[in-house]
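Structural characterization, general
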Amino acid sequence: MSKFRLAHLGLVMAAIGFSAAAPLAGLVPAAYAADTVRAEVGKPLQEAQRLASSGKNKEALAKLKEADAVGGKTEFEKYQIERVRASAAAAAGDSDTAARAFEAVINSGRLSNAEQPKFTEALAGMYYRAKDYNKAITWIQRALKDNPNNGTMRDLLIQTYYISGKYGEAAKELQASGKQSEQNLQMLANIQLKQNDKAGYVQTLEKLAGQYPKASYWADLLNRVVGKPGFSPTMNLDVMRLKLALGQLAKPSEFMEMGQLALQARNAPESLKIIDQGYKKGALGTGTDAGRHQRLKDLAVKTQNDQKASAEKDQAEAIANKDADTLANIGFALVSDGKGDEGLKLMDQALKFGTARNQEAVKLHYGIAQYRAGKKAAAISTLKTVKGTGGEAELARYWILYINNPISA
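Structure report, in brief. (Residues numbered from 1 in each chain as written. Predicted model: local features only at pLDDT ≥ 70, side-chain atom pairs only at ≥ 80, totals over all residues. Heavy atoms only, no water.)

1. Observations regarding the overall build of the protein chain
Assigned secondary structure in the protein chain consists of 22 helices and 0 strands. Relative to its length of 409 residues, the protein chain is extended, with a C-alpha radius of gyration of 34 Å against a globular reference of 22 Å. If you line up the protein chain on its principal axes, its C-alpha atoms span 110 × 45 × 35 Å. Of the contacts made within the protein chain by residues no fewer than 6 positions apart, 59% connect residues no fewer than 24 positions apart. (Helix = DSSP H or I, 4+ residues; strand = E, 2+ residues; numbered from the N terminus. Rg over C-alpha atoms; globule rule 2.2 N^0.38 Å. Contact = heavy atoms within 4.5 Å.)

2. Some thoughts on the environment of Trp-139
When you line up the elements, Trp-139 lands in helix H7 (residues 133-146). Taking the relative accessible area as the measure of exposure, Trp-139 reaches 7% and is therefore buried. Sequence separation of Trp-139 and Leu-45 is 94 residues, and the distance between their C-alpha atoms is 28 Å. Beyond its immediate sequence surroundings of up to four residues, Trp-139 is in contact with Glu-103, Ile-106, Asn-107, Thr-120, Leu-123, Ala-124 and Tyr-127. (Buried < 20%, exposed > 50% of the residue type's maximum accessible area, 1.4 Å probe, protein only.)

3. A look at unusual backbone geometry
The backbone phi angle of Lys-131 is positive, close to 65 degrees, even though this residue is not glycine. Take Lys-131: it is sitting in the loop between helix H6 (115-129) and H7. The class of Lys-131 is exposed, set by a relative accessible area of 61%. Non-glycine residue Arg-266 carries a positive phi angle of around 65 degrees.

4. Focus: the packing of aromatic side chains
Taken as a whole, this structure holds 8 aromatic pairs when the rule is applied. Seen in terms of ring centroids, Trp-218 and Tyr-398 are 6.3 Å apart; in terms of plane orientation they differ by 80 degrees. Their pairing is edge-to-face. Placement of the pair is Trp-218 in helix H12 (residues 215-227) and Tyr-398 in helix H22 (residues 392-404), with a sequence separation of 180 residues. By the burial criterion, Trp-218 is buried, and Tyr-398 matches it. Just above the ring of Tyr-279 sits the side chain of Lys-297; from NZ or CZ to the centre is 5.1 Å. (Phe/Tyr/Trp six-rings, centres within 6.5 Å; stacked < 30°, edge-to-face > 60°. Lys NZ or Arg CZ within 6 Å of the ring centre and 35° of its normal.)

5. Digging into helix H21 (residues 376-383)
Three or more residues of H21 are buried, namely Ala-379, Ile-380, Thr-382 and Leu-383. Relative to the axis of H21, the buried residues are bounded by an arc of 160 degrees and lie together on one face. Of the surrounding elements, those touching the buried residues of H21 are helix H20 (359-372) and H22. (Arc of directions from axis to C-beta.)

6. Focus: the side chain of Asn-184
If you trace the backbone, Asn-184 turns up in helix H10 (residues 182-194). The contact partners of Asn-184, leaving out residues within four places of it in the chain, are Asp-155, Ile-158 and Leu-174.

7. Topic: the packing of H6 against helix H8 (residues 151-163)
Two elements in contact, H6 and H8, have axes separated by 12 Å at closest approach and are oriented at 20 degrees. When the interaxial angle is binned, H6 and H8 end up roughly parallel. For the crossing formed where H6 meets H8, the hand is left-handed. Facing H6, whose interface residues are Glu-121, Ala-124 and Tyr-128, H8 presents Met-153, Leu-156, Gln-159, Thr-160 and Ile-163. (Axes fitted to C-alpha atoms, helices over the stretch in contact; angles between N-to-C directions. Parallel < 35°, antiparallel > 145°, perpendicular 65-115°, else oblique. Left-handed = near helix turned anticlockwise from the far one by under 90°.)

8. With respect to the pattern of salt bridges
Counting across every chain of the model gives 27 salt bridges. With a closest N to O distance of 3.5 Å, Arg-266 and Asp-314 form a salt bridge. Of this pair, Arg-266 sits in the loop between helix H14 (252-264) and helix H15 (268-280) while Asp-314 sits in helix H17 (residues 311-320), and the two are 48 residues apart along the sequence. Judged by its relative accessible area of 28%, Arg-266 is partly exposed. Taken together, the shared-partner salt bridges in this structure form one network comprising Asp-238, Arg-241, Glu-270 and Arg-372. (Salt bridge = Lys/Arg side-chain N within 4 Å of Asp/Glu carboxyl O.)

Read these as layout, nothing more, since geometry by itself doesn't imply function.
Right under this line is the structure:
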């Protein structure tokens, strides 16, 4: 998880126009122009500014003690002393003194509307860097109260909650956001793992795969759907179909298993394409099992020829018997063989029969077939209707994620 990076304190000071070297008059807000500083306070104060402008910040802090010692100081004089002290202490690396001075300046009520948020943000950053996370949270929240749309402070609040172990608060902030950065989603997923929130983790993982598609997110998602209680082994081929689309099949055994499963599903054209891809990738056709690879390919070719020879008869019997499973498989095979319209028509008819052993799986296959046939919008529409508890609903959702946010295979 990447850490939140804040600007160096010196840069923050520069950004808010805060300098101990500035002339005393330049530090006076216009609203208080009538305020004055007595000579016994002004002299050591100006000397402290001169020392700070020369880089002698520790000496400047020592000189300010003379101004501190003057009795009966006005609120304005105290304010001017603390402004110089804040800058000099920050430059000297005296974080504790700088933070106290910043708080005094902020609480004085003398900062302009433009300065107030800059000082508050700088103080929050100081406490964050000092690892005083409780105080950092207090001042970040104060900054956000003034400007709820401050994205930098919102990110810092989330990071501070996370780093300090306030996982519930961090998760709440993350979940309240709209479209989140990849880093914030990773943080939310990490929190959900720590809290053993498996359902929440999968939801966040889906967002990562959808918005920032990477092989690692997809691999985790698909491993989890297979390991989910109630997952049906009959959906293994469908998991591998998505893995193939994502470019996540690499081992010879994976290509062999998928090719065999496709044959069992009466989809010889798909099986041949899988086997051919395995050969192209160098996963099949080499090594001691090259003979087995060739035998599977030969079987796929023979099966495809046999199915073509009996296609009309098989199709007619399936329609006559309202055998939705067989008709859907024949249709899917036709789509895999490049006959999209013909195959989709049969699959649609099979769905209308409503006699399939697993109607949701047939709908899933129909959506996949529509996508493969180049009908993206129709595929998404179909996949959105898929339900089921054996992995069908998750796989349909993941196909939609993939279709909308493909990663190169």
